[in-house]
Amino acid sequence: MRTNTHPRPSVVRWMPRQPVNLTFAITDANTPPGVAAVSTAHSPGPAATPAPLSAEEPGAATLARTAEQAARTVLALAAPHRLADVVPAPRQVQSNPTGDWTMPAEAVIVASPDPAALAVAEQLAALLRPATGYPLPVTDAATPAPVDGIALVLDDTAADLGAEGYRLDVTTNGVRVTAVTAAGLFHGVQTLRQLLPATIESPTPVTERWALPGGTITDVPRFPYRGAMLDVARHFFAVEDVLRVVDHLARYKLNHLHLHLTDDQGWRIAVDSWPKLTTVGGATAVGGGPGGFYTKADYTRIVSYAADRHITVVPEIDLPGHTNSALVAYPELAPDKIAPQPYTGTEVGFSYVDPADDRTYDFIADVLGELAAITPGPWLHVGGDEAFKVKGEVYTGFVERVQRIVAGLGKTVVGWHQLAPAAPVDGRVLQWWGTDGEDPTTVEAVRQGARLIVSPGNHAYLDMKYAPDTPIGHDWAGLIDVRKAYDWDPGTHVAGVPSTAVIGVEAPLWTESVTSLADIEFLLLPRLPAIAELGWSPRETHDWAGFRDRLAGHGPRWDAAGITFHRAPEIPWPSGPTIPAQRDPAREGVNPTQGP
Ligand code: TNX
């Protein structure tokens, strides 16, 4: 019997960066013993010696074994990824071609003896175990060092790395990730993951040479706020779907998930003191679907899953407009005190809570109070957009009162940039979603101390279509292909706003036309990595051609992980072998390396 060194390999994938030489022998039951038919791929090159074949072996098994040997030859020759092939682009990359490292089956992950660092080590192990099939035990050490393994080192003297940066060193001994915080280690782990072959994303073991390119990456984010928004109000998405979106954010070093929890078509977060918000207000969705809502336990699950990935949830209760679902549940909040019909269309701007009734502010204090109590992050987003029927001083008076409620809860106000004319409150953050980069009212609010998250509708809105013929999405802010998502600068985009006032960038996904996780992923990928790079990478690294080529390598990763994405025609997706990552029992049946 052959010894099985790789546990249960089911897939061979090969995506070399450079042409390699391969010659291998194939024989089957029809080939006379000892005679091999020689097939050459990617020639010219020296012929590998055909493996000795036994006359007694059955043909199918022989064929499979020989093919597997050939695959190993190829894998041994394939060069590792280039150190600079990372999205978002790292700040500094120093390659060392003599420092490549191949992870052995006995590799160990060792981390600083700190619960948060060990948690990142466990996350890394969980990422690497499925595809490698290696045990990758996690241990701790006072001064972790890579000895044919991976070391995650917390070092509070590495102040230049800041709150989220990391350094990653690949040498012939292994990999060392150094950071001041667990968040930095976590981001370093995302980079490490991208430096391994795309097959690392496979949920089942693959035969692969797990090589990493030698050298050092030193990486620090440009902006502290890097986010994406998911509208769970127009259509409701299950907790599991939201967790998967969190995974996508984490992969690209985004650190905020904004949840648009309420809108005309549905109220999605439980509020104990106003229970009908969800039992009545949550029962609808765009197009008449069943709706749904998160219990506090559901919400807490999302928040803590995100926190484990160093992502802060920013909950939004949209006020005073976009409130039809609340008015259906509690007509006393409506200006005329009459319950409106539930709304399942996609118009905006018609609904509002009564700004002249104190009861409205009791309602808001209760809702925001309960939400603040289950939200560990510093932010409460209060919407403020498209309240077309609440104008002038009535609008600003309303906003100022709501801002005081938020401040009283110890949270920082975030709102769409329509909040700008209201008097400032300390630390206020405006989310700018304009489309032409000119906005004197926002500029004035910034002059008075507001900070900005930039989400230009015509660059960062993930609900805009890619092209006229892509299936879902809107086009009111134009079409957004990958280049349009990438080619702008958050630091200078809003004329008159200095880059020092910009805390970061966010890509909102509104879901009027989005009904499934596959729809979400189709709109997110590949544009989310473009926005992520704008948020993370230094401006000096900005380069469409380089980004396009680096992004192309992510297609095979998403394929291997079973993630839907838009095969945007402007990206040179590799066309190499694409054997599906799922297990194929028919293949396993003839695979002689299969375990017992
Ligand atoms: C505008 S952008 C809205 C949303 C819509 C979106 C559709 C903003 C703050 N409000 O209510 O869903 O357009 O793209």
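These notes cover the structure that comes with them.

Definitions and limits used
- Residues numbered from 1 in each chain as written.
- Predicted model: local features only at pLDDT ≥ 70, side-chain atom pairs only at ≥ 80, totals over all residues.
- Heavy atoms only, no water.
- Helix = DSSP H or I, 4+ residues; strand = E, 2+ residues; numbered from the N terminus.
- Buried < 20%, exposed > 50% of the residue type's maximum accessible area, 1.4 Å probe, protein only.
- Areas by Shrake-Rupley, 256 points an atom, 1.4 Å probe, with all protein chains shown as cover.
- Contact = heavy atoms within 4.5 Å.
- Polar contact = N/O pair within 3.5 Å; in protein donor to acceptor, adjacent residues only side chain to side chain.
- Near = heavy atom within 4 Å.
- Core = buried A, V, L, I, M, F, W, Y, C linked by side-chain atoms within 4.5 Å.
- Lys, Arg positive; Asp, Glu negative; His and termini not counted.
- Salt bridge = Lys/Arg side-chain N within 4 Å of Asp/Glu carboxyl O.

Focus on the overall build of the protein
- Helix and strand counts for the protein come out as 16 helices and 23 strands.
- For the protein, with 596 residues in total, the buried portion stands at 56%.
- Of the roughly 22700 Å² that the protein leaves accessible, carbon and sulfur atoms contribute 56%.

Things to note about the environment of Ser112
- Position of Ser112 relative to the elements: it lies in the loop between β6 (109–111) and α2 (115–132).
- Take Ser112: its relative accessible area is 6%, and that puts it in the buried class.
- Not counting residues up to four positions away in its chain, the partners in contact with Ser112 are Ala117, Leu118, Asp140, Ala141, Pro144, Leu152, Val153 and Leu154.
- Within polar-contact distance, the side chain of Ser112 engages the backbone nitrogen of Leu154 at 2.9 Å.

Here we look at the site of the ligand
- By nearness alone, 14 residues border the ligand, and Arg234, Tyr461, Asp463, Trp476 and Glu512 come closest of all.
- Separating an oxygen atom of the ligand from a side-chain N or O atom of Glu386 is a distance of 3.2 Å.
- In the environment of the ligand, an oxygen atom lies 2.7 Å from a nitrogen or oxygen atom belonging to the side chain of Trp476.
- Coverage of the ligand by the protein amounts to 97% of the 360 Å² it exposes when considered alone.

Focus: the nonpolar core
- If you look at the biggest cluster of nonpolar residues, it comprises 149 residues, and the most contacted ones within it are Met103, Ile150, Leu152 and Leu259.
- Aside from chain neighbours lying at most four places away, what touches Ile150 is Trp101, Met103, Val108, Ile109, Val110, Leu124, Leu128, Val175 and Leu192.
- Judged by nonpolar contacts, the second largest core, of seven residues, contains Trp379, Val414, Val429 and Ile453.

Some thoughts on the environment of Thr375
- Positionally, Thr375 belongs in the loop between α8 (358–373) and β19 (379–383).
- In this structure Thr375 comes out as buried when scored by relative accessible area, which is 3%.
- Distance in space between the C-alpha atoms of Thr375 and Tyr299 is 8.9 Å, their sequence separation being 76 residues.
- Contact partners of Thr375, with chain neighbours within four places excluded, come to Tyr299, Val313, Pro315 and Lys411.

Quick word on the side chain of His256
- On the secondary structure map, His256 appears in strand β15 (residues 256–260).
- Of the polar contacts made by the side chain of His256, one reaches the side chain of Asn255; its length is 2.8 Å.
- Setting aside residues no more than four positions away along its own chain, His256 makes contact with Pro224, Tyr225, Arg226, Gly227, Ala228, Leu249, Ile311, Thr312, Val314 and Trp379.

Here's the deal with the side chain of Glu316
- Inspection of the secondary structure assignment puts Glu316 in strand β18 (residues 312–319).
- Salt bridges are absent for the buried Glu316, whose nearest opposite-charge side chain, Arg234, sits at 8.6 Å.
- Here His260 takes part through its side chain, which lies 2.8 Å from a polar atom of the side chain of Glu316.
- Within the local environment of Glu316, its side chain forms a polar contact with the side chain of Trp416, the two groups lying 3.0 Å apart.
- Apart from the residues within four sequence positions on either side, Glu316 is in contact with Met229, His258, Leu259, His260, Leu261, Thr262, His381, Gly383 and Trp416.

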